[in-house]
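Listed here are the chains, written in short residue letters.
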Protein chains: 2
Amino acid sequence: MSKELTSRSEDYSQWYNDLIIKGSLADYSAVRGCMVIKPYGFALWENMRDQLDRMFKETGHQNAYFPLFVPKSLFEAEEKNAEGFAKECAVVTHYRLKTDPSSPGKLMVDPEAKLEEELVVRPTSEAIIWNTYKDWIQSYRDLPILINQWANVVRWEMRTRLFLRTAEFLWQEGHTAHASKEEAIEETEKMLEVYATFAEDFMALPVIRGIKTPGERFAGAEETYCIEALMQDGKALQAGTSHFLGQNFAKAFDVKFLSKENKQEYVWATSWGVSTRLIGALVMAHSDDSGLVLPPRIAPLQVVIVPIYKGEEQKTQIGEKADELIKKFKAAGIRVKYDDNENTRPGWKFAEYELKGVPVRIALGARDLGASVVEVARRDTKEKTSVPLEGIETYIINLLEEIQQNLYNRALKFREENTIEVDNWNEFVRLLDEKPGFLSAHWDGTAETEEAIKEKTKATIRCIPLHNKKEEGRCILTGRPSSQRVIFARAY
Amino acid sequence: MSKELTSRSEDYSQWYNDLIIKGSLADYSAVRGCMVIKPYGFALWENMRDQLDRMFKETGHQNAYFPLFVPKSLFEAEEKNAEGFAKECAVVTHYRLKTDPSSPGKLMVDPEAKLEEELVVRPTSEAIIWNTYKDWIQSYRDLPILINQWANVVRWEMRTRLFLRTAEFLWQEGHTAHASKEEAIEETEKMLEVYATFAEDFMALPVIRGIKTPGERFAGAEETYCIEALMQDGKALQAGTSHFLGQNFAKAFDVKFLSKENKQEYVWATSWGVSTRLIGALVMAHSDDSGLVLPPRIAPLQVVIVPIYKGEEQKTQIGEKADELIKKFKAAGIRVKYDDNENTRPGWKFAEYELKGVPVRIALGARDLGASVVEVARRDTKEKTSVPLEGIETYIINLLEEIQQNLYNRALKFREENTIEVDNWNEFVRLLDEKPGFLSAHWDGTAETEEAIKEKTKATIRCIPLHNKKEEGRCILTGRPSSQRVIFARAY
């Protein structure tokens, strides 16, 4: 298979697909809309997952596991939620296959093994979880419940793209229950901040924290908070959502508690999630025409060492030096690999690790060793430096931090350059085509206008930023009065 | 809810269910045969999973993720495998629900959203994975592939029991591809040993390593290796299996590679798995009439500190001392909790942590503190000791190790006392009823005899132990000649 990538300027979308496949993150599968996450992609996901998991636990959450299936009668209990997900859900109707009498060696659904009640493969777990919480909550002493679940979910999307939109995807879903509205809103905002911190500090991805318009809310939520990131092609990507669910699910599943004041009250709820979609965001935010560019803090491999030698003597010498380095690096907590595969040449390896986005490459050559230096190349800027072996682990630790920071700064600069205040409709339309990005514009606050703008331009309101500056203005489309700008963009 | 458990002697099966529910490991769900794994149970599973994951990675495996669904045409490709799982699989036939016109607020399967090809919810992933490996393997250079997946699977079992047999369960499934038969067998045996080591060193569960008879093999395997454990009621539990799959899946999915000798050859395969069923084994091997007994190495909590005081002054004093202890314990890597909940009394807490199987309980009382000692109670023997505060972290670390070892020794002693060589059919039948355990007996090697013994006694051949001693004898049922003993038991 050729490792050549389509360039971003040629075809951004093809570049993305090429990169996911050739960078060994994922592969297509035999199941419509489902992908295979390959070991390299999964190692990346593990690093992201483990860090998020630590942050969830630090904020008092525990993991649990709820069933994959939602019986239809539970699924339909919260009406808006059901309506939102019914159109695209996988439904289990039978529990057995049998030999097809008309076609030897083939199987068919056994009509006698029809389920009395259909089971929906969870597209999200509010229904099954709130049906369970009903049994767990009697009094205010049972609250709050702060539970997270790492799971697979299925949404039967018609158009799918690797990581960005797949029929099955991996995610985490937090589901919390509280005694008061204030506490639930506080939780919703706290988890949004956890997501924002994770995106910025670990994925090097600057995000705008905001709330969704009613039209873009999660089905069944009273308020949806989100973090929005800007991709290199000027399109937005929703990177995480945190929902204040009010008492909607408590009412749908009749979950009440005895308050301190001895009254029966409905419980307040939140839910929040991020998914493998984040990997798509990561790729589109940092990578380039040579391949992936991964932030050191979550990169599966942080450093690769490639030996360059001629003959057995040099090979042995360099191998010994490499062992030493590996030992030092591992002791310093650096994820490192020594690639002494003899079937491929150094140049091929350089290209391969560039494609895979390994932050730092060290070339270990016989001549350099004589001078007690090595050549260190960083993936983000492609700069090469000759570095003394003495104290190299400190140099590398600092370099990894510098790369992490540089990626963030670069992405932030890009976002700033591509966030534009617009006050004129024609300019708004022109920019979307010619210089797409975040367009900060006034909106009259109605669903009709939001919908009209979407139909005319394919741009949606990504969010109303949190702590938004109040500013008098006129709606970009209708000219009606508005008190604040919102963020428009075309989005993934 | 009463915390009273049914005793083991009264009703072992009820004791088990009580313990799972009241010990907060799991709960029943609204979905037939599926359970909810509660936070305490999931924390236990996380510790088990993380340790196994480390062992898989140390033996060169990587994680990946494959689709939840198996298209019917792939599912049926390996005939024996399909036959084995077709009778109990969940089948997705539709991808949408719609409003039920005859019943407002209700949903129904949309007949227009019928899938062209049904999707089976994976009961195991050989089919979907080998269909993928086909694209990944061209030459011997692509081998071996050493991949593991942590996933949920679904088998539509008719009779289910919490953890032991549920329609959906969590597990890991390793799927490896090799260039030679020898290498694949070596892998199969290596992973069996990983499981055995994990069971013995972390779960404190002695196991017999063996191979299954042809009748008990995994559907599609050439050889199934297993580890078998003995529960307190004398029934066996299969705790893990490792399968040598020969070239069956390579042939079914046409997966060939170009060998070093430049020949096209079919790839050799293994698969191996353990599941949340292990939690059932853990509970039934160690726990007692007061509750769970968990081995320290995998217990979610290793030490709980309960304060005993009167009045605010003592409370503050003890709180300060507890902070000190917690800091020391955490620094020593001990999983510890300080329970200063004022809504419950010390006696209630003692019972609660006994029920939850926390290995060590420390009572922190004002009088003891004056003497610079604390009362340490161990869960396994229920012994209490007064221990000086000076150097207590070392004492606790050693005690946790001692408890771990004691649990293993106790289980091993139990197994030894309940493994009996039998040479007489009447004795065999009597023992199964009166003193059930592992019965080591001669068998004539035929499937007919195996089946006849099962029908007469409900005992099955658990395994033919690895490195089994050769010994001339006569089949326990038929009297025909036999060259080795095998292990019989009634099993979960």
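Residues numbered from 1 in each chain as written. Chains lettered and ligands numbered in written order. Predicted model: local features only at pLDDT ≥ 70, side-chain atom pairs only at ≥ 80, totals over all residues. Heavy atoms only, no water.

Quick notes on the UniProt feature "domain: Aminoacyl-transfer RNA synthetases class-II family profile" (unreviewed entry) in chain A
Inference 1: Mapped onto this numbering, the UniProt entry gives "domain: Aminoacyl-transfer RNA synthetases class-II family profile" (unreviewed entry) at residues 30-295 of chain A.
Inference 2: In residues 30-295 of chain A, the share of helix is 30% and the share of strand is 32%. The end C-alpha atoms are 31 Å apart. (UniProt positions renumbered as here; feature names shortened; annotations may be inferred. Helix = DSSP H or I, 4+ residues; strand = E, 2+ residues; numbered from the N terminus.)

Description of the relation of the copies chain B and chain A
Inference 1: Take chain B, turn it by 180°, move it 0.0 Å along the axis, and it overlays chain A with an RMSD of 0.0 Å. With respect to symmetry, the two chain copies, as superposed, fit the operation of a two-fold axis. Rotation axis and chain B: the residue whose C-alpha lies nearest the axis is Val-92 of chain B, separated from it by 2.1 Å.
Inference 2: In this assembly, 100% of the residues forming the interface of chain B have copies in chain A that are likewise at the interface, indicating an isologous arrangement. (Least-squares fit on C-alpha atoms with pLDDT ≥ 70 in both. Contact = heavy atoms within 4.5 Å.)

Observations regarding the sheet that holds strand β4 (residues 69-71) of chain A
The strands that make up a sheet are held in pairs by hydrogen bonds between backbone atoms, and each pair lies either parallel or antiparallel.
Inference 1: The six strands lie next to each other as β4(A)-β8(A)-β5(A)-β5(B)-β8(B)-β4(B), forming an open sheet whose pairing is antiparallel. Both outer strands of the open sheet, β4 of chain A together with β4 (69-71) of chain B, are each paired with one neighbouring strand and no more. Along the sheet, successive strands turn relative to each other by an average axial angle of 45°, direction set aside.
Inference 2: Sheet topology note: the strand β5 (residues 91-94) of chain B/strand β8 (residues 114-121) of chain B ladder contains three bridges and is antiparallel. (Pairing = 2+ DSSP bridges. Axes fitted to C-alpha atoms, helices over the stretch in contact; angles between N-to-C directions.)

As for the packing of aromatic side chains
Inference 1: Counted under the stated rule, the structure contains 36 aromatic pairs over all chains.
Inference 2: When the ring of Phe-169 of chain A is compared with that of Trp-171 of chain A, the centres are 5.9 Å apart and the planes differ by 85°; the resulting orientation is edge-to-face.
Inference 3: Grouped by ring-pair contacts, the aromatic residues Trp-45, Phe-56, Trp-150, Tyr-195 and Trp-272 of chain A constitute a single cluster.
Inference 4: Here Lys-38 of chain A stacks its cationic end above the ring of Trp-136 of chain B, 4.8 Å away from the centre of that ring. (Phe/Tyr/Trp six-rings, centres within 6.5 Å; stacked < 30°, edge-to-face > 60°. Lys NZ or Arg CZ within 6 Å of the ring centre and 35° of its normal.)

Here's the deal with the sheet that holds strand β27 (residues 485-489) of chain A
Residue and element names in this part refer to chain A.
Inference 1: Taken together, the 11 strands give an open sheet; going across it, the order is β3-β9-β10-β16-β13-β12-β11-β24-β27-β23-β22, and neighbouring strands pair in mixed fashion. Because the sheet does not close on itself, it has two edges, and the strands there are β3 (62-63) and β22 (419-421).
Inference 2: Sheet topology note: the strand β13 (residues 236-246)/strand β16 (residues 268-275) ladder contains five bridges and is antiparallel. Looking across to β16, one finds that Phe-244 is bridged to Thr-270.
Inference 3: Across the sheet, helix α6 (residues 181-201) touches β9 (145-154), β10 (168-178), β11 (208-211), β12 (223-230), β13 and β16, and the angle it forms with β16 is around 10°.
Inference 4: Running over the sheet, helix α13 (residues 425-434) touches β22, β23 (438-442) and β27 and is turned about 170° from β23.

Notes on the interface of chain B and chain A
Inference 1: Chain B puts 64 residues into the contact, and the matching count from chain A is 64 residues.
Inference 2: Considering only the surface of chain B that becomes buried against chain A, Tyr-65, Leu-97 and Leu-107 of chain B emerge as the three largest contributors, covering 13% of it.
Inference 3: Taken together, the links from chain B to chain A amount to four salt bridges.
Inference 4: Across the salt bridge formed by Lys-57 of chain B and Glu-46 of chain A, the nearest N and O atoms sit 3.3 Å from each other.
Inference 5: Where chain B touches chain A, the interface holds 30 residue pairs in polar contact (both at pLDDT 80 or more).
Inference 6: When its residues are assigned to classes, the side of chain B that touches chain A shows 39 nonpolar, 10 polar and 15 charged.
Inference 7: Alignment of strand β5 (residues 91-94) of chain A against β5 of chain B, held across three bridges, turns out to be antiparallel. What sits directly across from Val-92 of chain A, in β5 of chain B, is Val-92 of chain B. (Buried area = accessible area lost by both parts, 1.4 Å probe. Salt bridge = Lys/Arg side-chain N within 4 Å of Asp/Glu carboxyl O. Polar contact = N/O pair within 3.5 Å; in protein donor to acceptor, adjacent residues only side chain to side chain. Nonpolar A, V, L, I, M, F, W, Y, C, P; charged D, E, K, R; others polar.)

Observations concerning the nonpolar core
Inference 1: Ranked by internal contacts, the top residues of the largest apolar core, which has 102 residues, are Phe-69 and Trp-130 of chain A together with Phe-69 of chain B.
Inference 2: Excluding its chain neighbours within four sequence positions, the residues that come into contact with Phe-69 of chain A are Val-92, Leu-119, Val-120, Val-121 and Ile-128 of chain A together with Val-31, Cys-34, Ala-90, Val-121, Val-154 and Trp-156 of chain B. (Core = buried A, V, L, I, M, F, W, Y, C linked by side-chain atoms within 4.5 Å. Buried < 20%, exposed > 50% of the residue type's maximum accessible area, 1.4 Å probe, protein only.)

Quick word on the domain arrangement of chain A
Residue and element names in this part refer to chain A.
Inference 1: For chain A, the domain assignment lists domain 1 (2-286), domain 2 (303-398) and domain 3 (419-489).
Inference 2: Relative to domain 2, the C-alpha centre of domain 1 lies at a distance of 40 Å.
Inference 3: Contacts between domain 1 and domain 2 engage eight residues on the former and five residues on the latter.
Inference 4: When the two sides are added together, the surface that domain 1 and domain 2 hide from each other amounts to roughly 530 Å², 60% of it contributed by carbon and sulfur.
Inference 5: Counting across the domain 1 and domain 2 interface gives zero salt bridges.
Inference 6: In this assembly, domain 1 and domain 2 are joined by one residue pair in polar contact (both at pLDDT 80 or more).
Inference 7: Contributing elements (two or more residues each) for the side of domain 1 that touches domain 2: α1 (12-22) and α2 (39-58). (Domains from an automatic or database assignment.)

Some details on unusual backbone geometry
Inference 1: Residue Pro-144 of chain A is bonded to the preceding Leu-143 of chain A through a cis peptide linkage, with omega at -5°.
Inference 2: Relative to the helices and strands, Pro-144 of chain A is located in the loop between α5 (126-136) and β9.
Inference 3: A positive phi is found at Asp-254 of chain B, a non-glycine position, where the angle reads about 55°.
Inference 4: Positionally, Asp-254 of chain B belongs in the loop between α7 (248-252) and β14 (256-258).
Inference 5: With a relative accessible area of 39%, Asp-254 of chain B lands in the partly exposed category.

Digging into the packing of α2 of chain A against helix α8 (residues 277-286) of chain A
Residue and element names in this part refer to chain A.
Inference 1: Running from N to C, α2 and α8 cross one another at 105°; their axes reach a closest spacing of 11 Å. Judged by the inter-axis angle, α2 sits roughly perpendicular to α8. Note on element contacts: α8 touches α2 through Leu-278, Ile-279 and Leu-282, opposite Gly-41, Leu-44, Trp-45 and Met-48.
Inference 2: In terms of residue class, the contact of α2 with α8 is made up of six nonpolar, one polar and no charged. (Parallel < 35°, antiparallel > 145°, perpendicular 65-115°, else oblique.)

Re the pattern of salt bridges
Residues and elements named next belong to chain A.
Inference 1: Per the stated rule, a full pass over the model turns up 64 salt bridges over all chains.
Inference 2: For Glu-352, the salt bridge is made with Lys-356, and the minimal N-O distance between the two is 3.6 Å. For the pair shown, Glu-352 and Lys-356 are each scored as buried.
Inference 3: Of the charged contacts, one joins Arg-430 and Glu-434 as a salt bridge, the two residues approaching to 2.6 Å between their closest N and O atoms. Here the residue Arg-430 and the residue Glu-434 both occupy positions in helix α13, the gap between them amounting to four residues, near one helical turn.
Inference 4: Residue Arg-430 is classed as partly exposed on the basis of its relative accessible area, which comes to 36%.
Inference 5: On the accessibility criterion, Glu-434 (56% relative accessible area) is exposed.
Inference 6: One continuous salt-bridge network, built from bridges that share partners, spans Glu-421, Asp-423, Lys-469, Glu-471 and Arg-485.

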